[in-house]
Amino acid sequence: MPAGPEPEPIRYFGTTWVNHDGNYALRRAVVAVGSLVTAVAAAFLLRFAYEGLEIGNVGPFLSISVVVLFAVASSIAFAKTWDSFSRRPAPSSDEAALKGLKAIGFIGSLIAYFLRCLVEAPGEKLRRAEYERAKADFARRRRARTGNPAARRPKRKK
């Protein structure tokens, strides 16, 4: 049984974010480079898809619509991903409804992940605040205890 609250692991970082140990800096660099390389590869993939539309001669309306769709979806995915690093979504939020939109705009999510890795592990600030609060609450509850309650004498009636 652990003595106190346990830190919540972060994807790719585990609990190394707590003390910045276990090759934390190397992990941040690898995740940043990996997300940037993946975003660039995805951009090339979308470019090839756009060229396929041009070869198919689908017309300017559909070509422009596809570009606008991916741009809007990427910007929404970036904003939602960036926001998720600093606060947890509300239980009744629209995160589940935006899951498909975030999948379409995955390049925005990858760029947000890359930019956050330059500063800290994505979500580290949020989890650190929650962990510090949980440790303080645990210490406060622990100090309030004064021995075994079963061994106490009953209070005298007046």
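Shown above is the structure to which this text applies.
Being a predicted model, the structure only gives us computed values, none of them experimental.

Details of the layout of surface pockets
Approximately 580 Å³ is the volume attributed to the largest pocket. Lining the largest pocket we find 19 residues, and of these Arg 11, Thr 81, Ser 84, Phe 85 and Tyr 113 sit closest to its centre. Broken down by secondary-structure element, the contributors of at least two residues to the lining of the largest pocket are helix H2 (60-84), helix H4 (106-117) and helix H5 (124-144). Of all the elements, H4 adds the most residues to the lining of the largest pocket, at three residues. Of the residues contributing to the lining of the largest pocket, the split by class is eight nonpolar, five polar and six charged.

Some points on the environment of Lys 135
Summarising the element assignment, Lys 135 is placed in helix H5. Note: C-alpha distance between Lys 135 and Pro 5 (130 residues apart in sequence) is 6.1 Å.

Points about H2
Its 25 residues give H2 an end-to-end C-alpha distance of 36 Å, which sits within 8% of 36 Å, the value for a rise of 1.5 Å per residue. The complete set of buried residues in H2 reads Ser 63, Ala 73, Ser 74, Ala 77 and Thr 81. The elements touched by buried residues of H2 are helix H1 (24-55), helix H3 (99-104) and H4.

Overview of the packing of aromatic side chains
What the rule picks out here adds up to six aromatic pairs. Their ring planes at 85° and their centres at 6.5 Å tell us that Tyr 12 and Tyr 113 sit as a pair that is edge-to-face. Of this pair, Tyr 12 sits in the segment before H1 while Tyr 113 sits in helix H4, and the two are 101 residues apart along the sequence. Relative accessible area serves as the criterion here: at 53%, Tyr 12 is assigned to the exposed category. The interplanar angle of 80° and the centroid separation of 6.2 Å between the aromatic rings of Trp 17 and Tyr 131 together place this pair among those described as edge-to-face.

Digging into the packing of H1 against H2
Axis separation between H1 and H2 bottoms out at 10 Å; the angle between their running directions is 165°. Between H1 and H2, the interaxial angle falls into the category roughly antiparallel. Where H1 crosses over H2, the handedness of that crossing is right-handed. Mapping the contact onto sequence places Leu 46, Tyr 50, Leu 53 and Glu 54 in H1 and Ser 63, Val 66, Val 67 and Phe 70 in H2.

A few points about the pattern of salt bridges
Between side chains of opposite charge, pairing is possible as soon as their charged atoms come close. In the structure shown here, the tally under the stated rule is nine salt bridges. Between Arg 47 and Glu 51 there is a salt bridge, with the nearest N and O atoms lying 3.4 Å from each other. Here Arg 47 and its partner Glu 51 are both found in helix H1, four residues apart, which amounts to about one turn of the helix. For Arg 47, a relative accessible area of 48% puts it in the partly exposed group. In this structure, a network of salt bridges that share partners links the residues Glu 8, Arg 88, Arg 127 and Glu 130.

Analysis parameters
As a convention, each chain's residues are numbered from 1 in the sequence order in which they are written. Where local features are concerned, this predicted model is filtered to residues with pLDDT of at least 70; where side-chain atom pairs are given and counted, the filter is 80 or more; whole-chain, interface and lining totals use all residues. The basis for every side-chain value is the complete set of non-hydrogen atoms in the structure, without hydrogens or water. Space inside and on the surface of the protein is sampled on a 1 Å grid over the protein atoms alone, with a cavity defined as a set of points where a 1.4 Å probe fits but cannot get out and a pocket as an open set with protein on both sides within 12 Å along at least 5 of 7 lines; lining residues have an atom within 4 Å of a point. Grid points are joined across faces, edges and corners, and a volume is the space filled by probe spheres set on the points. Only DSSP runs of H or I with at least four residues qualify as helices, and only runs of E with at least two residues qualify as strands; both kinds are numbered from the N terminus onward. Lys, Arg, Asp and Glu make up the charged group, whereas Ala, Val, Leu, Ile, Met, Phe, Trp, Tyr, Cys and Pro make up the nonpolar group; the residues left over, Gly among them, are polar. Helix span is expected to be 1.5 Å times the residue number reduced by one. Exposure classes here rest on a 1.4 Å probe applied to the protein chains alone. A residue is buried below 20% of its type maximum, exposed above 50%, and partly exposed in between. Note on definitions: a residue-residue contact is assigned when non-hydrogen atoms from the two residues lie within 4.5 Å. Two aromatic rings from Phe, Tyr or Trp, using only the six-membered ring of Trp, form a pair when their centres are within 6.5 Å; if the ring planes differ by under 30 degrees the pair is stacked, by over 60 it is edge-to-face, and anything between is tilted. Throughout, an axis means a line fitted to C-alpha atoms (over the contacting stretch in the case of helices), and angles, computed between N-to-C directions, take values from 0 to 180 degrees. These descriptions rest on fixed angle ranges, namely under 35 degrees for roughly parallel, over 145 for roughly antiparallel, 65 to 115 for roughly perpendicular, and the rest for oblique. A crossing counts as left-handed when the near helix is turned anticlockwise from the far one by less than a right angle, and as right-handed when that turn is clockwise. Whenever Lys or Arg places a side-chain nitrogen within 4 Å of a carboxyl oxygen from Asp or Glu, that contact is recorded as a salt bridge.

Worth remembering: the numbers are spatial, not functional.
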